[in-house]
Amino acid sequence: MTKTVFITGASSGIGQACAEVLAKEGYNLLLCARRLNRLEALKDALLAAYPTIQIHIFELDVRDAEQVANQIEGLPPAWKKINVLINNAGLSQGLDPIQNGDIGDWDRMIDTNIKGLLYVSKSVIPLMDTENGAHIVNLGSIAGKEVYPNGNVYCATKHAVDALTKAMRIDLLTQGIKVTSIDPGMVETEFSEVRFHGDRERAKNVYNGVQALTGKDIAETILFVITRPAHVNINDLLIMPTAQATGTIVNRK
Ligand SMILES: NC(=O)C1=CN([C@@H]2O[C@H](COP(=O)(O)OP(=O)(O)OC[C@H]3O[C@@H](n4cnc5c(N)ncnc54)[C@H](OP(=O)(O)O)[C@@H]3O)[C@@H](O)[C@H]2O)C=CC1
Ligand SMILES: CC(=O)[C@H](N)C(=O)O
């Protein structure tokens, strides 16, 4: 039976890599993000490579509770049996000491990383196919385990994801839904460019001298997690570049 995975934030980085890895494994894909053009290009490329799978894409801003509820409620019936939800959509905004932080940055991180994950989960949980294996994978972070200088609100949002994952794991046990938090260290994606509001130079510098993880490293780890036997649940998986021993990154200037 072909399983369906729903990936939020599939237009770049880890989410895009998850789509690529899971398409190759024969999963049907439900993909959402705000940049629909990116999703269209990804869908075309994946269907060309893997013509036997199904892919449904839609534009979604996870911060908008009503949009999330309406878009998921409005899915075609064939897409209302979901085996895996990957709550990946997320971002960091700014890297300032708390006293200099921008309130708009704070709101965007809290609204996306915490409230967006909650809104999507609330709409998708009733659609999860618990008869054939149901699993929620939340993208946490080393930033959800440790706090680093100027990381304040981003780290707080990922600490919230850590707590929410543990809570979902308890609450969904009787529903037959597995729950896992994947907690990466540095992964070279658009993450830093987004954090620094488009400053590509500054973003590139973060990874100077460090072999960061790739989106594919995370996607392959998620594939391992979601293909464990029914009696196995990986609650929490911290995955770091070998070069990054802790959450504090020297190049994070
Ligand atoms: N890169 C890293 O070092 C680490 C990343 N993470 C986490 O991994 C996840 C993915 O990040 P990563 O791939 O690195 O970064 P990217 O910036 O490459 O990708 C982020 C994805 O999230 C989507 N997204 C952002 N805001 C929204 C929104 N409001 N509604 C819907 N989608 C949204 C973006 O799509 P669009 O803009 O088109 O909407 C994009 O597809 C995040 O949760 C991040 O916190 C955790 C640890 C380390
Ligand atoms: C875990 C990470 O390195 C993340 N990219 C961050 O900046 O916190």
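Reference entry: report on the structure contained in this document.

Conventions and cut-offs
- The residue count restarts for each chain, going from 1 along the sequence in the order it is written.
- Ligands are numbered from 1 and chains lettered from A, in the order in which they are written.
- Local features in a predicted model are, by the rule used here, given only for residues with pLDDT of at least 70; side-chain atom pairs are given and counted only at 80 or more, and totals for whole chains, interfaces and linings are based on all residues.
- To get the side-chain values, all heavy atoms of the structure are used, and hydrogens and water are removed first.
- Between N-to-C directions, angles span 0 to 180 degrees; the directions come from axes that are lines fitted to C-alpha atoms, helices contributing only their stretch in contact.
- Comment: elements are numbered from the N terminus, with helices defined as DSSP H or I runs of at least four residues and strands as E runs of at least two.
- Note that the term roughly parallel is reserved for angles under 35 degrees, roughly antiparallel for angles over 145, roughly perpendicular for angles of 65 to 115, and oblique for everything else.
- The hand of a helix crossing depends on one turn: near helix anticlockwise from the far one by less than a right angle means left-handed, and clockwise means right-handed.
- We call two residues in contact whenever any of their non-hydrogen atoms come within 4.5 Å of each other.
- Each residue gets one label: Ala, Val, Leu, Ile, Met, Phe, Trp, Tyr, Cys and Pro are nonpolar, Asp, Glu, Lys and Arg are charged, and the others, such as Gly, are polar.
- We call two strands paired when DSSP finds no fewer than two bridges between them.
- Any helix carries an expected span of 1.5 Å times its number of residues minus one.
- Here the term cavity refers to a set of points on a 1 Å grid, laid over the protein atoms alone, in which a 1.4 Å probe fits but cannot get out; the term pocket refers to an open set having protein on both sides within 12 Å along at least five of seven lines, with lining residues being those that place an atom within 4 Å of a point.
- Grid points are joined across faces, edges and corners, and a volume is the space filled by probe spheres set on the points.

Two elements in contact, helix α4 (residues 103-124) and helix α5 (residues 152-171), have axes separated by 8 Å at closest approach and are oriented at 15 degrees. Between α4 and α5, the angle is such that the two are roughly parallel. Crossing angle aside, the handedness with which α4 passes α5 is right-handed. Contact with α4, carried on its side by Trp-106, Met-109, Ile-110, Asn-113, Ile-114, Leu-117, Leu-118 and Ser-121, involves Asn-152, Val-153, Tyr-154, Thr-157, Lys-158, Ala-160, Val-161, Leu-164 and Met-168 of α5 and no other residues of that element. Looking at the contact of α4 with α5 residue by residue, the classes come out as twelve nonpolar, four polar and one charged.

The next point concerns the sheet that holds strand β4 (residues 84-87). Pairing is parallel across the open sheet formed by seven strands, whose spatial order is β3-β2-β1-β4-β5-β6-β7. Looking at which strands have only one partner, the edges of the open sheet turn out to be β3 (55-59) and β7 (236-239). Across the sheet, the mean angle separating the axes of adjacent strands is 15 degrees when strand polarity is ignored. Pairing between β4 and strand β5 (residues 134-139): four bridges, direction parallel. In the sheet register, Val-84 faces β5, and the bridge partner there is His-135. Each of β2 (28-33) and β3 is contacted by helix α2 (residues 36-49), which is oriented at about 175 degrees to β3, the strand it contacts most.

The next subject is α2. In this model α2 runs 20 Å from its N-terminal to its C-terminal C-alpha over 14 residues, within 8% of the 20 Å that 1.5 Å per residue would give. Looking at the buried positions of α2, the neighbouring elements they touch are α1 (13-24), β2 and β3.

Before going further, it helps to spend a moment on the layout of surface pockets. In this model, the largest pocket occupies a volume close to 870 Å³. Forming the walls of the largest pocket are 46 residues, and the residues nearest its centre are Asn-88, Ala-89, Gly-90, Leu-91 and Phe-191. For the lining of the largest pocket, the secondary-structure elements that each account for two or more residues are α1, β2, α4, α5 and α6 (191-195). Considering each element in turn, the lining of the largest pocket owes the most residues, four residues, to α6. Residues belonging to the lining of the largest pocket are distributed by class as follows: 22 nonpolar, 15 polar and nine charged. For the second largest pocket, the calculated volume is near 290 Å³. In terms of lining residues, the second largest pocket is bounded by 20 residues, among which Gly-133, Ala-134, His-135, Lys-178 and Ala-230 are the most central. Listed by contribution, the elements that provide at least two residues to the lining of the second largest pocket are β5 and β6 (177-184). Residue classes in the lining of the second largest pocket are distributed as nine nonpolar, seven polar and four charged.

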